[in-house]
Amino acid sequence: RRAADKIFAVADGVVGYINKYGGNSSYGVYIVLNHQDDVGEVFTLYAHLASVSEDLKVGQRVERGQEIGQMGHSSTLGIPVRRSHLHFEMGMMLNPSFEKWYRKKKMTPNHGRYHGFNFAGFDPRLMLIPLSGREDVRFSYLFTLKNKSPAWQLLVRSKKRPRYFDQYPLLWEDAPYKNQVMLLKVSESGIPLAGRNATAAETELLGNAKTRVNVVDEDVLGRNGLRHVTKSRGTWTLGSNGTRWLEILMHDAR
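What counts, and at which threshold
Residues numbered from 1 in each chain as written. Predicted model: local features only at pLDDT ≥ 70, side-chain atom pairs only at ≥ 80, totals over all residues. Heavy atoms only, no water. Core = buried A, V, L, I, M, F, W, Y, C linked by side-chain atoms within 4.5 Å. Buried < 20%, exposed > 50% of the residue type's maximum accessible area, 1.4 Å probe, protein only. Contact = heavy atoms within 4.5 Å. 1 Å grid on protein atoms, 1.4 Å probe; cavity = no way out; pocket = protein on both sides within 12 Å on 5 of 7 lines; lining within 4 Å. Points joined across faces, edges and corners; volume = space filled by probe spheres on them. Nonpolar A, V, L, I, M, F, W, Y, C, P; charged D, E, K, R; others polar. Helix = DSSP H or I, 4+ residues; strand = E, 2+ residues; numbered from the N terminus. Salt bridge = Lys/Arg side-chain N within 4 Å of Asp/Glu carboxyl O. Pairing = 2+ DSSP bridges. Axes fitted to C-alpha atoms, helices over the stretch in contact; angles between N-to-C directions.

1. Description of the nonpolar core
Consideration 1: In this structure, V32, V39, M92, W152, L171 and W245 are the most contacted members of the largest nonpolar core, which totals 51 residues.
Consideration 2: Discounting residues that sit within four places of it in the chain, V39 has contacts with M92, Y141, L142, L145, Q167, Y168 and L171.
Consideration 3: The next biggest cluster of nonpolar side chains, apart from the first, holds 14 residues, and it includes V15, I18, V52 and M71.

2. Some thoughts on empty space enclosed by the protein
Unfilled space is identified by rolling a water-sized probe across the atoms.
Consideration 1: Applying the stated criterion across every chain yields a total of one cavity of 30 Å³ or more.
Consideration 2: What the largest cavity holds in volume is close to 40 Å³.
Consideration 3: Every residue along the wall of the largest cavity is listed here: N34, E41, V42, M93, R113, Q167 and Y168.
Consideration 4: Considered class by class, the residues forming the lining of the largest cavity number three nonpolar, two polar and two charged.

3. What to know about the layout of surface pockets
Consideration 1: The computed volume of the largest pocket comes to approximately 870 Å³.
Consideration 2: Taken together, 28 residues form the lining of the largest pocket, with E89, G121, E188, S189 and L226 sitting closest to its centre.
Consideration 3: Within the residue set of the lining of the largest pocket, elements represented by two or more residues are strand 7 (87-93), strand 8 (119-122) and helix 7 (240-250).
Consideration 4: Residues that form the lining of the largest pocket fall into these classes: 13 nonpolar, nine polar and six charged.

4. Observations concerning the pattern of salt bridges
Consideration 1: In total, this model carries 13 salt bridges according to the counting rule given.
Consideration 2: Between K6 and E67 there is a salt bridge; the shortest N-O distance is 3.8 Å. Of the two residues, K6 sits in strand 1 (residues 6-8) while E67 sits in strand 6 (residues 67-71), which places them 61 residues apart along the sequence.
Consideration 3: Here R163 ties to D252 by a salt bridge, and the two come within 3.2 Å at their closest N and O atoms. Linking R163 in the loop between strand 9 (152-157) and helix 4 (164-167) with D252 in the segment after helix 7, this pair joins segments that are 89 residues apart in sequence.
Consideration 4: Within this structure, K100, R163 and D252 form a network of salt bridges that share partners.

5. What to know about the pairing of strand 9
Consideration 1: By the criterion of burial, strand 9 is predominantly enclosed, with five of the six residues buried.
Consideration 2: In this structure, strand 9 lies alongside strand 10 (residues 181-186), joined through six bridges in antiparallel fashion. The residue of strand 10 that forms the bridge with W152 is V186.
Consideration 3: With five bridges joining them, strand 9 and strand 12 (residues 211-216) adopt antiparallel strand pairing. Bridge pairing in strand 12 links Q153 to V215.

6. So, the sheet that holds strand 10
Consideration 1: As summarised here, the arrangement of the four strands in space is 11-10-9-12, forming an open sheet in which the pairing is antiparallel. With partners counted over all chains shown, the strands left at the sheet margins are strand 11 (192-197) and strand 12, one partner each. The mean inter-strand angle of the sheet, taken between neighbouring strand axes irrespective of direction, is 20°.

7. Focus: the pairing of strand 7
Consideration 1: Of all seven residues in strand 7, five are buried; the element is thus mostly enclosed.
Consideration 2: Pairing analysis gives four bridges linking strand 7 to strand 8, with the strands arranged antiparallel. The residue bridging M93 from the neighbouring strand is F119, located in strand 8.

Right, here's the structure in full:
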């Protein structure tokens, strides 16, 4: 029996993407809404749906509380009916040029920039629980990100800065990039919380390497489910997922 629970938009926004074919994504049938925030354009994602509201179209404005779909268990992962649920994300997009990277890799199917590889979400409880019952508090990604502790830091040698900081300029904590080495502060889910020019000492620490995992807070990192960073013999390095994450972030940098 199909789940009957209705799904509603959590905030005013614009429909960015609708995937109506559950068999071409681990998200199944999913909707992405774009929202304007002090930090820039951000998203909410609603996945594993049974269906999308018939009148919903890309580019359409939606209001907080508006019905947008019905809960289900669609996915390429084979989610059983008894485990029907809403997969909900709030977060940022790593790269506005993601589709160029994806096409270069010749992957399919192509969801444009609305592919899960390009999403970096945070625990919605960080924002929604403090807001519960408080109409006087603004819905703010910027406030949430600024008050979140990084799980790890990464030194990157690059002549160019990620376009991520063009999308979210308030997350760059420094003077214009010096085109040498940057330090990225990253959440456990892969959100670049902040970036800045590396200090002379940090640059020396990097040596001739292109990247270096500089600091890891294992308490914040938690179970390390995404394994962007991995630990071997007491040393933290980028794992294969982290290497892909950085490749996406740095693609088409300028």
